[in-house]
Amino acid sequence: MTLQTFLLPDVGEGLTEAEIVTWRVAAGDTVAVNQAIVDIETAKSVVELPSPYAGVVAELLVPAGRTVAVGSPIIAIRTAAASAEPAASAEPDRPDRPAQPGPSAELGPPVEPDRAVEEQPKLLVGYGVIESGPVRRRRAGNTAAPERERRRAKPPVRKLASDLGVDLATVEPTGPGGTVARADVIRAAENRHAAQLSGTEAPTRIPIRGVRKHTAAAMVASAFTAPHVTEFVTVDVTKTLELVEVVRRRPEFRDVKLTPLAFVARAYLSVLARTPMANARWDEPAQEIVVPPGVNLGIAAATPRGLIVPNIRNAHTLGLRDLAVAIHELAVTARAGKTAPEAMIGGTTTITNVGVYGVDSGTPILNPGETAILAVGAIRREAWVVDDAAGERIEPRSILRLALSFDHRVIDGHEGSELLAGTAARLTEPGLAVL
């Protein structure tokens with residue numbers, strides 16, 4: 001038997017450190033090559049790491065919840081002599097990154113022990129593995145088992161607990177089969193709040209790390225680097241909503257989740273082609289404005305671990321159907337926590353849909369390195385003055401508010417206004433041109 005120590009790898013995004021989120025194995029467990037053993041959280045996403053060896057887990061060297069540097073030993077696996085060599089990488093050559101040896105790493109969300117794991121395609125990255133003799137112990141206790149009793153709860157309940165800062169291990173479960181119910185989490189949060197108000201309990205302090213830490217740094221850098229200008233427009237989108245219903249009935253859209261957001265994106269992209277500087281970026285070190293050849297459209301997505309902005313590559317080349325499919329797949333992948341790190345780089349402009357929360361508008365902060373971001377508000381039925389061939393009158397109409405923030409270093413007010421007004425005009429009178 002040979003003892004192998006697995007080092008925390010750089011998963012291909014310039015990683016310097018990561019948090020150990022969830023161990024999927026414990027000391028004494030038998031593992032196979034490429035079996036998922038741990039979820040780590042980087043600055044951009046949660047990444048699932050597979051084992052480079054087949055064998056028996058000797059020790060978990062880092063407890064869940066701890067942040068460690070790349071290259072640090074995280075697990076020791078005892079292998080048979082024949083399986084002592086790490087699994088070879090099957091990663092295809094990528095022109096944008098040198099090939100690295102090592103096994104595959106599936107990008108995915110933390111999966112609890114009581115949840116089934118669905119096999120997904122794997123993204124292959126390089127690993128660091130060392131052979132060792134006696135393992136240097138880093139733990140203060142037994143890291144092979146959870147430090148606290150693990151409560152069973154459905155994913156939405158776990159998210160609620162995370163949002164409210166409630167430790168599920170402290171919650172008394174009343175749900176079916178001893179599971180933690182939504183009401184249990186709310187009750188625990190209310191009790192904690194009451195205790196804090198009475199002075200019998202200190203306020204909860206949540207460490208800033210992972211996606212939240214990255215987002216905070218990016219937003220501060222953007223807000224205090226790019227001079228933001230935000231403009232607003234109110235739009236009658238009644239005809240766009242009517243067109244949505246017409247298009248949904250077309251045979252080629254029968255299996256597509258088609259929403260008004262796809263029409264907003266298509267309108268925005270069509271106007272962006274006429275104002276290409278709004279798709280450019282400011283390069284401060286080079287003192288240049290860089291205009292990319294195409295549009296990688298970012299769609300801001302709220303996830304249980306924070307805000308991410310994956311993008312749709314070459315969105316300007318997509319018709320309405322393909323754009324709708326891409327937006328839906330992006331959202332589903334983000335909510336599941338399976339967004340690949342490379343999907344969040346290279347964006348050129350962004351849309352953030354605050355309307356899903358019932359919000360009318362806002363002043364969005366630019367995604368770092370981009371010149372424009374469009375905020376889409378909620379669509380509401382409101383009284384509206386209609387002036388057409390039948391005369392002027394007040395009617396109930398479907399009204400949408402858009403907000404565009406842009407970098408005033410790159411584009412002037414008239415260019416930003418043209419982009420916003422042009423998008424609004426296409427939503428007021430969409431016709432079939434958006435197809």
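Residues numbered from 1 in each chain as written. Predicted model: local features only at pLDDT ≥ 70, side-chain atom pairs only at ≥ 80, totals over all residues. Heavy atoms only, no water.

In this section: the overall build of the chain. Check the secondary structure of the chain and you find seven helices and 22 strands. Here the contacts in the chain between residues at least 6 apart in sequence split such that 64% fall between residues at least 24 apart. In the structure as shown, the chain presents an accessible area of about 21600 Å², 55% of it carried by carbon and sulfur atoms. (Helix = DSSP H or I, 4+ residues; strand = E, 2+ residues; numbered from the N terminus. Contact = heavy atoms within 4.5 Å. Areas by Shrake-Rupley, 256 points an atom, 1.4 Å probe, with all protein chains shown as cover.)

Within the sequence span of helix α4 (residues 238–248), burial applies to Thr238, Thr240, Leu243, Val244 and Val247. On its buried face, α4 is in contact with β12 (228–236), α5 (260–272), α6 (320–335), β21 (380–388), β22 (391–407) and α7 (413–428). (Buried < 20%, exposed > 50% of the residue type's maximum accessible area, 1.4 Å probe, protein only.)

With 16 residues, α6 extends 23 Å from end C-alpha to end C-alpha; this agrees with the ideal 22 Å at 1.5 Å per step. Regarding α6, the residues found buried are Leu320, Leu323, Ala324, Ala326, Ile327, Leu330 and Ala334. Buried residues in α6, looked at end-on, bunch into an arc of 165 degrees, giving them a common side. Lining the buried residues of α6 we find α4, α5, β15 (297–299), β16 (301–303), β17 (306–308) and β18 (311–312). Among the residues trailing α6, glycine 337 stands out with phi positive, at a value near 75 degrees. (Expected span 1.5 Å × (residues − 1). Arc of directions from axis to C-beta.)

Attention now goes to the environment of valine 244. Its place among the elements puts valine 244 in helix α4. According to the relative accessible area criterion, valine 244 is buried, its value standing at 2%. C-alpha of valine 244 to C-alpha of leucine 258: the two residues are 14 residues apart in sequence and 7.4 Å apart in space. Leaving out residues up to four positions away in the same chain, valine 244 has contacts with Leu258, Pro260 and Phe263.

Before going further, it helps to spend a moment on the nonpolar core. A general feature of soluble globular proteins is that nonpolar side chains tend to end up buried together. Membership of the largest hydrophobic core comes to 46 residues, with the highest contact counts inside it found for Tyr268, Leu297, Ile312, Ile351 and Leu374. Here the element with the most residues in this core is α5; it accounts for 10 residues. Not counting chain neighbours up to four residues away, the residues in contact with leucine 374 comprise Val264, Tyr268, Thr350, Ile351, Thr352, Leu402, Ala403, Leu404, Leu420 and Thr423. (Core = buried A, V, L, I, M, F, W, Y, C linked by side-chain atoms within 4.5 Å.)

As a further point, take the pairing of strand β4 (residues 36–41). The two faces of a sheet get side chains in turn, since along a regular strand they alternate between them. Burial of β4 is extensive: six of the six residues sit out of reach of the surface. Pairing of strand β2 (residues 17–23) with β4 involves four bridges; the strand directions are antiparallel. From the neighbouring strand, threonine 22 faces β4, where its bridge partner is aspartate 39. Pairing of β4 with strand β5 (residues 46–50), which is carried by five bridges, proceeds in the antiparallel orientation. Residue pairing for β5: isoleucine 40 is matched across the bridge by valine 47. (Pairing = 2+ DSSP bridges.)

Turning our attention to a nonpolar patch on the surface. On the surface, Val356, Tyr357 and Val359 cluster together into a nonpolar patch covering about 320 Å² of accessible area. Looking at the element boundaries, valine 359 is found in the loop between β19 (349–353) and β20 (372–376). (Patch = residues over 30% accessible without salt bridge, like charges linked within 9 Å, V, L, I, M, F, W, Y side chains within 5 Å. Salt bridge = Lys/Arg side-chain N within 4 Å of Asp/Glu carboxyl O.)

Quick look at the sheet that holds strand β7 (residues 67–69) now. Across the sheet, which stays open at both edges, the four strands sit in the order β5-β4-β2-β7 with antiparallel pairing between neighbours. Of all the strands in the sheet, the pair left with one neighbour each is β5 and β7. Ignoring strand direction, the axes of neighbouring strands in this sheet form an average angle of 40 degrees. (Axes fitted to C-alpha atoms, helices over the stretch in contact; angles between N-to-C directions.)

A word on the confidence of the model for the chain. Averaged over every residue, the pLDDT of the chain is 82; residues scoring 70 or more account for 82%. Across residues 88–148 the pLDDT falls below 50, and counting only partners more than four positions away or on other chains, this stretch makes 141 contacts in the model. (pLDDT = per-residue confidence, 0-100.)

A large share of strand β8 (residues 73–79) lies buried, amounting to six of its seven residues. Here six bridges tie strand β1 (residues 2–7) to β8, and the two strands are oriented antiparallel to one another. Residue glutamine 4 lies in a different strand from β8, and its bridge partner there is isoleucine 77. Direction of pairing for strand β6 (residues 55–60) relative to β8: antiparallel, over a ladder of four bridges.

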